[in-house]
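What follows is each chain in one-letter form.
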Amino acid sequence: SESFDGFELTAPCDIKPVSLHYSASTQASLDRLKLVLKSCPSEVWENRRLGIILAGESGAGKTEFVAQACRELGYYYMNVASLNNMYVGKTEENIRRVFETEYPKLMKKYNNKVVLCVNEMDNLFGVKTPVTTSSAFHTNAGISQVLRSLDSFKGIIVGTLNELSPERCEPAAIRRFNFLINFTLPD
């Protein structure tokens, strides 16, 4: 693993295999997703975005699924920690740097086989609020930057969160994702 400012990159061979067990319906959705990733040639991701939201309880294995899928399919795993910053304009700068500079650079370097994983995506894609304070203004600016960056994003992005609701995650951001997989804990 290599750590960068705001994200970590892990080679598929460096991801330790873990046995994961999901409910039958969750497993069926995950198998279909892996089939899509396996059957598409990597060149597809030069011109297209594949957005996936994994929603479910904490501890259901969402993040670990992404890592294990990367290991199995030979993709590099780019895990985004926090791009939010308390300084004015720094959040937007971090978003642009990771989404528009670092990720495309890594995609070229690794033959379009990099999955960008945004854990707890509702922290980054939160809901816009009425501007009554400078804090609300800057929060909205960060969300607007995420939306602009997603519009031009080419590649594979996976967002994880505990609950998918318009009260916690900007609906405009949710619409920019193609798949939603709900995780339930296995019995």
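Residues numbered from 1 in each chain as written. Predicted model: local features only at pLDDT ≥ 70, side-chain atom pairs only at ≥ 80, totals over all residues. Heavy atoms only, no water.

**Quick look at the environment of Cys169**
(1) Moving on: With respect to the helices and strands, Cys169 occurs in the loop between β6 (155–161) and α6 (171–174).
(2) Moving on: We classify Cys169 as buried; its relative accessible area is 0%. (Helix = DSSP H or I, 4+ residues; strand = E, 2+ residues; numbered from the N terminus. Buried < 20%, exposed > 50% of the residue type's maximum accessible area, 1.4 Å probe, protein only.)

**Examining the sheet that holds strand β2 (residues 7–10)**
(1) Moving on: Across the sheet, seven strands lie side by side as β1-β2-β4-β5-β6-β3-β7; this open sheet has mixed pairing. Only two strands of the sheet have a single neighbouring strand rather than two, namely β1 (2–4) and β7 (179–183). Between one strand axis and the next, the sheet turns by 20° as a mean value, whatever way the strands run.
(2) Moving on: Examined bridge by bridge, strand β5 (residues 114–118) and β6 share four bridges and lie parallel to one another. By the bridge assignment for β6, Val115 is matched with Ile156.
(3) Moving on: Contacting β3 (49–56), β6 and β7, helix α1 (residues 24–39) crosses the sheet at an angle of about 145° to β7. (Pairing = 2+ DSSP bridges. Axes fitted to C-alpha atoms, helices over the stretch in contact; angles between N-to-C directions. Contact = heavy atoms within 4.5 Å.)

**Some remarks on the side chain of Gln68**
(1) Moving on: Among the structural elements, Gln68 can be located in helix α2 (residues 62–73).
(2) Moving on: The class of Gln68 is buried, set by a relative accessible area of 3%.
(3) Moving on: Side chain to side chain, Gln68 and Glu64 meet in a polar contact 2.8 Å long.
(4) Moving on: Within the local environment of Gln68, its side chain forms a polar contact with the side chain of Arg71, the two groups lying 2.8 Å apart.
(5) Moving on: If sequence neighbours within four positions are ignored, Gln68 has contacts with Ile15, Lys16, Pro17, Val18 and Leu20. (Polar contact = N/O pair within 3.5 Å; in protein donor to acceptor, adjacent residues only side chain to side chain.)

**Regarding the nonpolar core**
(1) Moving on: Within the largest apolar cluster, 55 residues are counted, with the highest numbers of intra-cluster contacts made by Phe65, Val66, Met78, Phe99, Leu116, Phe125 and Ile156.
(2) Moving on: Those residues within four positions of Leu116 in sequence are excluded, and the remaining contacts are Met78, Val80, Val98, Phe99, Tyr103, Phe153, Ile156, Ile157 and Val158. (Core = buried A, V, L, I, M, F, W, Y, C linked by side-chain atoms within 4.5 Å.)

**A closer look at α1**
(1) Moving on: Look at α1: 22 Å from first C-alpha to last across 16 residues, which is about the 22 Å you get at 1.5 Å a residue.
(2) Moving on: Buried residues along α1 sit against β3, α2, β6 and β7. (Expected span 1.5 Å × (residues − 1).)

**Considerations on the packing of aromatic side chains**
(1) Moving on: Inspection of every chain in the model, using the stated rule, returns six aromatic pairs.
(2) Moving on: Ring centres 5.3 Å apart and planes at 85° place the aromatic pair Tyr22 and Phe183 in the edge-to-face group. Taken together, the residues span a long stretch of sequence, with Tyr22 in the loop between β2 and α1 and Phe183 in strand β7 at a distance of 161 residues.
(3) Moving on: Joined through ring pairs, the aromatic side chains of Tyr22, Phe65 and Phe183 make up one cluster.
(4) Moving on: Its end group placed over the ring of Tyr75, Lys113 keeps NZ or CZ at 4.7 Å from the ring centre. (Phe/Tyr/Trp six-rings, centres within 6.5 Å; stacked < 30°, edge-to-face > 60°. Lys NZ or Arg CZ within 6 Å of the ring centre and 35° of its normal.)

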